[in-house]
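# Secondary and tertiary structure notes
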Amino acid sequence: MTDWLAALQTRRSVSARLLTGPAPDKAQIDTMLTIASRVPDHGKLAPWRFILIAGEARVTLGQQFAAIASRTQGITEPDRLAVEQERFTRAPLVIAVVSKAADHPKIPVWEQQLSAGAVCMNLLSAAAALGFGACWLTEWMAYDEAARAAIGLESSERIAGFIHIGQASETPADRPRPDLDQIASHWQA
Ligand SMILES: Cc1cc2nc3c(=O)[nH]c(=O)nc-3n(C[C@H](O)[C@H](O)[C@H](O)COP(=O)(O)O)c2cc1C
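Summarising the element assignment, Gln9 is placed in helix 1 (residues 2-10). Placed 108 residues apart in sequence, Gln9 and Gly117 show a C-alpha to C-alpha distance of 19 Å.

Here we come to the nonpolar core. Met32, Val97, Leu123, Ile163 and Ile165 are the most contacted members of the largest nonpolar core, which has 21 residues in total. Residue assignment for this core shows that the elements contributing at least two residues are helix 2 (26-36), strand 3 (93-99), helix 5 (109-129) and strand 5 (158-168). In terms of residue count, helix 5 provides more of this core than any other element does, seven residues in total. Every residue in contact with Ile163, bar those within four places of it in the chain, is listed here: Leu93, Val94, Ile95, Val97, Cys120, Leu123, Leu124, Ala134, Cys135 and Trp136. Core analysis: the next-biggest nonpolar cluster, separate from the first, contains 19 residues, Phe88, Val94, Leu153 and Ile159 among them.

What follows deals with the state of the cysteines. The tally for this structure, following the rule as stated, stands at zero disulfides. Here Cys120 stays free of any disulfide, with the sulfur of Cys135 as its closest cysteine sulfur at 12 Å.

Quick look at the layout of surface pockets now. Put simply, the largest pocket is a space of about 280 Å³. If you go around the largest pocket, you meet 17 residues; those closest to its centre are Arg11, Arg12, Val14, Ala128 and Phe132. Taken together, the elements giving at least two residues each to the lining of the largest pocket come down to helix 1, helix 5 and strand 4 (133-137). Taken together, the residues of the lining of the largest pocket break down into 10 nonpolar, four polar and three charged.

The rules behind the values
- For every chain, the first residue of its written sequence is number 1, and the numbers climb from 1 along that sequence.
- Reporting in this predicted model follows two pLDDT cut-offs: at least 70 for local features of residues, and 80 or more for side-chain atom pairs to be given and counted; totals over whole chains, interfaces and linings ignore these cut-offs and use all residues.
- Where side-chain values are given, they derive from all heavy atoms of the structure, hydrogens and water being excluded.
- Segments assigned H or I by DSSP are reported as helices when at least four residues long, segments assigned E as strands when at least two residues long, and all are numbered from the N terminus.
- What makes a nonpolar core is a set of buried Ala, Val, Leu, Ile, Met, Phe, Trp, Tyr and Cys residues whose side-chain atoms join them at distances within 4.5 Å.
- Between buried and exposed lies partly exposed: a residue is buried under 20% and exposed over 50% of the maximum accessible area for its type, with that area taken using a 1.4 Å probe on protein chains only.
- It only takes one pair of heavy atoms within 4.5 Å for two residues to be counted as in contact.
- Here, a disulfide means two cysteine sulfur atoms that sit within 2.5 Å of each other.
- Site definitions follow a grid-based scheme: protein atoms alone, a 1 Å grid, a 1.4 Å probe that fits but cannot get out for cavities, and for pockets an open set with protein on both sides within 12 Å along at least five of seven lines, plus lining residues having an atom within 4 Å of a point.
- Grid points are joined across faces, edges and corners, and a volume is the space filled by probe spheres set on the points.
- Classification used: nonpolar for Ala, Val, Leu, Ile, Met, Phe, Trp, Tyr, Cys and Pro, charged for Asp, Glu, Lys and Arg, polar for all others including Gly.

Structural data, given as structure tokens:
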């Protein structure tokens, strides 16, 4: 329990460019996804799914991102296109957490989306518990229709996060955290 508390108190994101191989193996990925899907889920709808992007798939998808960015954002400079091409090759594994939230007679869409956020957070924690660094990004590809289609999303689905996972090549310094006095208060009549 003390270890768990210490891990939660010290976990922090590792920048995608600091994530190197080797990638998690199949058993580690299964552990991460099992933990990620163990989240509160009003109505037991499992309104999320995972798309794993690893190996050469990261390169192929990056080429598609560069083509989309060139077409829709007018990017032509080789160095800027290279940035787009390398979106998913910074880390050895990217797991897209896809929200499938949809209208439901009892469960608000907002609650289904919150559950997808919980999946992302559990995935970060599971990666850390297995000794990996990870970070939660969205970037423009999460909001671009053509990029979402290239990743394989249905038009009704949304990206909750691209969780980049790998070995941390550096331990990042912590960042400032919110002051509890500013964000927590006792309700008073
Ligand atoms: C939904 C969501 C999307 C994010 N997208 C980005 C992003 O596109 N680019 C970025 O630099 N940071 C993004 N971040 C923030 C990073 O995850 C950031 O590294 C994180 O806030 C570091 O906090 P931590 O150390 O407490 O984990 C996003 C965070 C969330 C929750």
